[in-house]
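Structural description and commentary
Here's the letter readout for the chains.
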Amino acid sequence: MNRFERVFGAGRKPVIAMVHLGALPGTPLHDAGRGVEGIIADARADLTALQAAGVDAVMFGNENDRPYELKVDTASTATMAYVVGRLRDEITVPFGVNVLWDPMASIALAAATGAAFLREIFTGTYASDMGVWAPDAGAAQRYQHRLGNTDCALLYNVSAEFAGSLDPRSLPDRARSAVFSSIPDAVLVSGAITGEAAEMRDLEGVKRVLPKVPVLANTGVKHATIADVLRVADGCIVGSALKVGGDTWAAVDAERARDFMDKARAARGY
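Residues numbered from 1 in each chain as written. Predicted model: local features only at pLDDT ≥ 70, side-chain atom pairs only at ≥ 80, totals over all residues. Heavy atoms only, no water.

1. Some thoughts on the sheet that holds strand β5 (residues 126-128)
On the basis of which strands lie adjacent, the open sheet formed by three strands has the order β6-β5-β8 and antiparallel pairing. The open sheet has two free edges, formed respectively by β6 (131-133) and β8 (163-165), since each of these has just one partner strand. For this sheet, the mean angle separating the axes of adjacent strands, direction not counted, is 25°. Relative to β6, β5 runs antiparallel, the two being bridged by three bridges. (Pairing = 2+ DSSP bridges. Helix = DSSP H or I, 4+ residues; strand = E, 2+ residues; numbered from the N terminus. Axes fitted to C-alpha atoms, helices over the stretch in contact; angles between N-to-C directions.)

Right, dumping it as structure tokens:
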């Protein structure tokens, strides 16, 4: 059994729901008046609603830390660790982390919090809103081993949001190469930006060349599309569709989350 199966179960198609933390200290959108306690209170409310809806896992991310960085401030990672630590005893499902867009920070955060999985851009070269983006999967995985956190599953996003690949190879070819060279536990396929759906032809193309590797839809899965997505993908990560009005930056809507999971369970047959 590989690390993905150990976290989510063999043959299952997990719905991983996002807990989007409020903007962290030092970032332009941070609410200094509410401070870190406000971030914790909002994250707790979202976590409670998502777990009550029956999601299979949650992932804590710093989506509100716009404009994004390719090497985050140490304070961001430290604050995320503190927030997750404050909520740790309330988490009843497997949880993951993602520090946008810094693989080394994500690995450090996962090790510090005991996260079961993490999501990042580990491979490729991109022209992005943040400048030229060239992560180092070799350095990241070696860092994970140095920290002794080898049980944490690595979810590789191979079609970066807010960016275009500088690699002329097709997405399926890039995904297949990433699996060969970097040994991810799952491959994620994204849309152009947060909340926008991955093209079905991209999901189908990547899954066709990686029949034995979990391939998940990473962005833009909605109530109306979850059944179609799960016919192709081995799971999904969802955030915006579960929010009030479908707004990425709003709080989780408990009713929308329950309805989404009802549709996901119907599509999966369990």
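2. Topic: the packing of aromatic side chains
Counted by the stated rule, this structure contains nine aromatic pairs. Centre to centre, the rings of Y68 and W101 are 6.4 Å apart; their planes meet at 90°, and the pair counts as edge-to-face. Highlighted residues: Y68 in the loop between β2 (57-61) and α3 (74-87) and W101 in the loop between β3 (95-98) and α4 (103-113), separated in sequence by 33 residues. Both rings, one in F122 and one in Y156, keep their centres 4.5 Å apart while their planes meet at 25°; by these two values the pair is stacked. Of this pair, F122 sits in the loop between β4 (117-120) and β5 while Y156 sits in strand β7 (residues 153-157), and the two are 34 residues apart along the sequence. Connected via pairs of aromatic rings, a cluster forms that spans Y68, W101, Y126, W133 and F162. (Phe/Tyr/Trp six-rings, centres within 6.5 Å; stacked < 30°, edge-to-face > 60°.)

3. Thoughts on the side chain of H20
Of note, H20 is situated in strand β1 (residues 15-20). With relative accessibility at 8%, the residue H20 sits in the buried group. If near-sequence neighbours (up to four positions away) are discounted, H20 is found in contact with G61, E63, N64, G239, K243 and T248. (Buried < 20%, exposed > 50% of the residue type's maximum accessible area, 1.4 Å probe, protein only. Contact = heavy atoms within 4.5 Å.)

4. Topic: the packing of helix α2 (residues 35-53) against helix α9 (residues 254-268)
Running from N to C, α2 and α9 point in directions that differ by 30°, and their axes come no closer than 8 Å. Once α2 is placed against α9, the crossing between them reads as right-handed. Of the residues in α9, those touching α2 at A49, L50 and A53 are A254, A257, R258, M261 and R265. (Left-handed = near helix turned anticlockwise from the far one by under 90°.)

5. Considering the nonpolar core
Core analysis: the largest hydrophobic core is formed by 65 residues, its most contacted members being L50, V58, F60 and F260. With seven residues, α2 is the largest single contributor of residues to this core. Those residues in contact with V58 that lie beyond four places of it in its chain are I16, A17, V19, L47, L50, I91, V93, P94, F95, G96 and F117. Membership of the second largest hydrophobic core comes to 14 residues, among which are F4, V7, A57 and I237. (Core = buried A, V, L, I, M, F, W, Y, C linked by side-chain atoms within 4.5 Å.)

6. Here's the deal with empty space enclosed by the protein
On inspection of all chains with the given rule, the structure shows one cavity of 30 Å³ or more. Taken as a whole, the largest cavity spans an internal volume of roughly 150 Å³. (1 Å grid on protein atoms, 1.4 Å probe; cavity = no way out; pocket = protein on both sides within 12 Å on 5 of 7 lines; lining within 4 Å. Points joined across faces, edges and corners; volume = space filled by probe spheres on them.)

7. Examining the environment of T150
With respect to the helices and strands, the residue T150 is situated in the loop between α5 (137-146) and β7. A C-alpha to C-alpha distance of 36 Å links T150 and D31, two positions 119 residues apart in sequence. The contact partners of T150, leaving out residues within four places of it in the chain, are R3, Q144 and H145.

8. A closer look at helix α6 (residues 171-182)
It helps to recall that an α-helix has 3.6 residues per turn; residues three or four apart then point in one direction. A rise of 1.5 Å per residue sets the reference length of α6, with its twelve residues, at 16 Å; its end C-alpha atoms lie 16 Å apart and thus fit the reference within 8%. Structurally, α6 contributes buried residues whose contacts are with β5, α5, β7, β8, β9 (186-189) and α7 (200-209). Just past α6, the residue I183 takes up positive phi, approximately 60°. (Expected span 1.5 Å × (residues − 1).)

9. Looking at α4
By the burial criterion, the buried members of α4 are P103, A105, S106, I107, L109, A110 and T113. The inward-facing, buried residues of α4 abut α3, β3, β4 and α5. Measuring from the side-chain oxygen of the N-cap residue of α4 to the backbone nitrogen of M104 gives 3.2 Å; that N-cap residue is D102. After α4 finishes, the residue G114 shows a positive phi value of roughly 80°. (Polar contact = N/O pair within 3.5 Å; in protein donor to acceptor, adjacent residues only side chain to side chain.)

10. Considerations on the packing of α6 against α7
The geometry of a pair of packed helices is captured by two quantities: the angle between their axes and the separation between those axes. Two elements in contact, α6 and α7, have axes separated by 9 Å at closest approach and are oriented at 40°. Of the possible angle classes, the one that applies to α6 and α7 is oblique. As α6 packs across α7, the resulting crossing turns out to be right-handed. Every residue of α7 that contacts α6 at L171, P172, A175 and R176 is listed here: D202, G205, V206 and V209. Looking at the contact of α6 with α7 residue by residue, the class counts come to five nonpolar, one polar and two charged. (Parallel < 35°, antiparallel > 145°, perpendicular 65-115°, else oblique. Nonpolar A, V, L, I, M, F, W, Y, C, P; charged D, E, K, R; others polar.)

11. Points about the pattern of salt bridges
Applying the stated rule across the entire model yields 14 salt bridges. The shortest N-O distance in the salt bridge between R44 and E90 comes to 3.0 Å. Here R44 is found in helix α2, whereas its partner E90 is found in the loop between α3 and β3, with 46 residues between them in sequence. Looking at E90, the relative accessible area reads 30%, which means it is partly exposed. Across the salt bridge formed by R201 and E199, the nearest N and O atoms sit 3.5 Å from each other. Of the residues examined, R201 reaches a relative accessible area of 61% and is grouped as exposed. Judged by relative accessible area, E199 falls into the partly exposed class, the value being 40%. (Salt bridge = Lys/Arg side-chain N within 4 Å of Asp/Glu carboxyl O.)

In short, the description is geometric, and any link to function would need to be established separately.
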